[in-house]
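The lines below spell out each chain.
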Amino acid sequence: MPSIDLSGKVAVVTGSGRGLGLAYAHALAAHGASVVVNDVDEAVAEAAVKSLVEAGGTAVAEVVPVGTSEAAERLVGRAVEEFGRLDVLVTNAGILRDKVLWKMTDEDFDAVLTTHLKGTFTCARAAAVRMREQGEGGSLILVGSPAGQRGNFGQTNYAAAKAGIAAMARTWAMELGRANITVNAIVPVAATAMTETIPAFAPYVEALRGGEALPDFLRKGEGFGTPEDCAALVPFLASEAARGVTGQAIGIGGDKVALWSHPQEIKAAYADGGWTPETLADAWPTSVGAELQTVGIPAPKFPEA
């Protein structure tokens with residue numbers, strides 16, 4: 001079994017004051033990386049740093065909302081100022097403004113796209129510039145979501161941003177390959193404040209808080225666990241063991257890890273000279289239309305009472 005050793009490496013984890021981001025920061029620090037913790041709340045960021053240091057890690061805080069080039073430069077600059085370099089970027093920061101399409105405002109849409117999509121872009125760009133200057137490679141780990149892979153009711157803005165993040169991972173994997181910088185999207189599923197709002201999961205999240213273990217049908221069947229379960233993927237992707245892994249979307253949660261496929265054509269039909277609306281209508285039911293795809297995240301499968 002290979003040893004995952006990140007000693008001497010420096011990581012920035014955006015949105016790492018609590019939840020999944022904090023779990024990622026702890027996992028990186030536990031394997032030897034120095035970490036720049038980021039949050040918009042200074043007290044939360046400092047508490048996160050304290051927890052990392054008390055666990056034997058090395059960390060500092062940079063309090064700034066991601067989304068602008070200035071914020072990205074501050075984060076990369078803090079890593080270089082404190083630790084002399086940057087090797088790993090995890091773009092976890094995010095917000096929600098859920099509403100159905102006809103009720104979603106411009107402000108709801110822009111706020112989520114700014115934090116998730118533009119925040120990922122600006123931070124990745126600043127990190128890539130620094131990593132290319134160092135000339136020793138690096139790892140960009142972009143945080144996606146099942147909503148970006150399949151869509152989700154009431155999440156126009158969030159799903160669009162997360163789908164864009166997966167597309168950026170594939171694009172940047174090509175652009176940064178020669179610099180030995182890997183780029184992957186991770187698709188975590190965990191018991192968080194976000195998933196607690198899903199009625200089917202709420203009682204299990206509450207029981208987990210009370211010290212009860214999640215049942216196997218959730219941990220295995222649904223790939224649903226704790227933030228710490230998801231965190232294992234981050235130090236792996238940041239390590240030499242994953243040096244050949246790039247341009248992928250990788251799901252993790254509970255006891256499950258999975259590789260998401262890239263979008264691809266699944267069925268095709270042909271007409272000599274091209275198609276007309278009439279020939280499309282005639283051929284559709286028995287050709288391409290015979291395998292229409294589902295939308296949305298599948299409902300969890302709970303055991304029968």
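Let me begin by describing the structure that accompanies this report. It should be emphasised that the depicted structure is a prediction, and the values quoted were computed from it without experimental measurement.

### Some thoughts on the pattern of salt bridges
So, step 1. Counting across every chain of the model gives 14 salt bridges.
So, step 2. Beyond isolated ion pairs, a larger network of salt bridges with shared partners links Asp216, Arg219, Lys220, Asp229 and Asp255.

### Regarding the packing of helix 1 (residues 19–30) against helix 2 (residues 42–54)
So, step 1. Packing of helix 1 against helix 2 leaves a shortest axis separation of 10 Å and a crossing angle of 30°. Relative to helix 2, the element helix 1 lies roughly parallel. As helix 1 packs across helix 2, the resulting crossing turns out to be right-handed. Counting all contacts with helix 1, which are made through Leu22, Ala25, His26 and Ala29, the residues of helix 2 involved are Ala48, Ser51 and Leu52.
So, step 2. Counted by class, the contact of helix 1 with helix 2 contains five nonpolar, two polar and no charged residues.

### Considerations on the side chain of Ser145
So, step 1. The residue Ser145 is located in the loop between strand 5 (138–143) and helix 5 (146–150) in this model.
So, step 2. By relative accessible area, Ser145 is classed as buried at 7%.
So, step 3. A polar contact of 3.0 Å, which involves the side chain of Ser145, links it to the backbone nitrogen of Ala147.
So, step 4. In terms of polar contacts, Ser145 uses its side chain to reach the side chain of Tyr158, at 3.4 Å.
So, step 5. Setting aside its immediate chain neighbours within four residues, Ser145 contacts Tyr158, Lys162, Ile186 and Val187.

### Things to note about the nonpolar core
So, step 1. Counting 35 residues, the largest nonpolar core has Tyr24, Leu28, Val35, Val90, Ile141 and Ile186 as its most contacted members.
So, step 2. For this core, the element with the highest residue contribution is helix 1, accounting for eight residues.
So, step 3. Those residues in contact with Val90 that lie beyond four places of it in its chain are Val12, Val13, Thr14, Tyr24, Leu28, Ile141, Val143 and Val234.
So, step 4. The next biggest cluster of nonpolar side chains, apart from the first, holds 32 residues, and it includes Val60, Ala127, Ile165 and Ala185.

### A word on the sheet that holds strand 6 (residues 181–188)
So, step 1. Spatial strand order, 3-2-1-4-5-6-7-8: eight strands in an open sheet with mixed pairing. The sheet is open, and its two edges are formed by strand 3 (58–63) and strand 8 (256–260), each paired on a single side. Pairs of neighbouring strands in the sheet enclose a mean axial angle of 20°, with direction left out of account.
So, step 2. Direction of pairing for strand 6 relative to strand 7 (residues 249–253): parallel, over a ladder of four bridges. Opposite Val187, over in strand 7, you have Gly251 as the bridge partner.
So, step 3. In the packing of helix 4 (residues 106–134) onto the sheet, the strands contacted are strand 1 (10–14), strand 4 (88–91), strand 5 and strand 6, and the crossing angle to strand 4 comes to about 175°.

The rules behind each value
Residues numbered from 1 in each chain as written. Predicted model: local features only at pLDDT ≥ 70, side-chain atom pairs only at ≥ 80, totals over all residues. Heavy atoms only, no water. Salt bridge = Lys/Arg side-chain N within 4 Å of Asp/Glu carboxyl O. Axes fitted to C-alpha atoms, helices over the stretch in contact; angles between N-to-C directions. Helix = DSSP H or I, 4+ residues; strand = E, 2+ residues; numbered from the N terminus. Parallel < 35°, antiparallel > 145°, perpendicular 65-115°, else oblique. Left-handed = near helix turned anticlockwise from the far one by under 90°. Contact = heavy atoms within 4.5 Å. Nonpolar A, V, L, I, M, F, W, Y, C, P; charged D, E, K, R; others polar. Buried < 20%, exposed > 50% of the residue type's maximum accessible area, 1.4 Å probe, protein only. Polar contact = N/O pair within 3.5 Å; in protein donor to acceptor, adjacent residues only side chain to side chain. Core = buried A, V, L, I, M, F, W, Y, C linked by side-chain atoms within 4.5 Å. Pairing = 2+ DSSP bridges.

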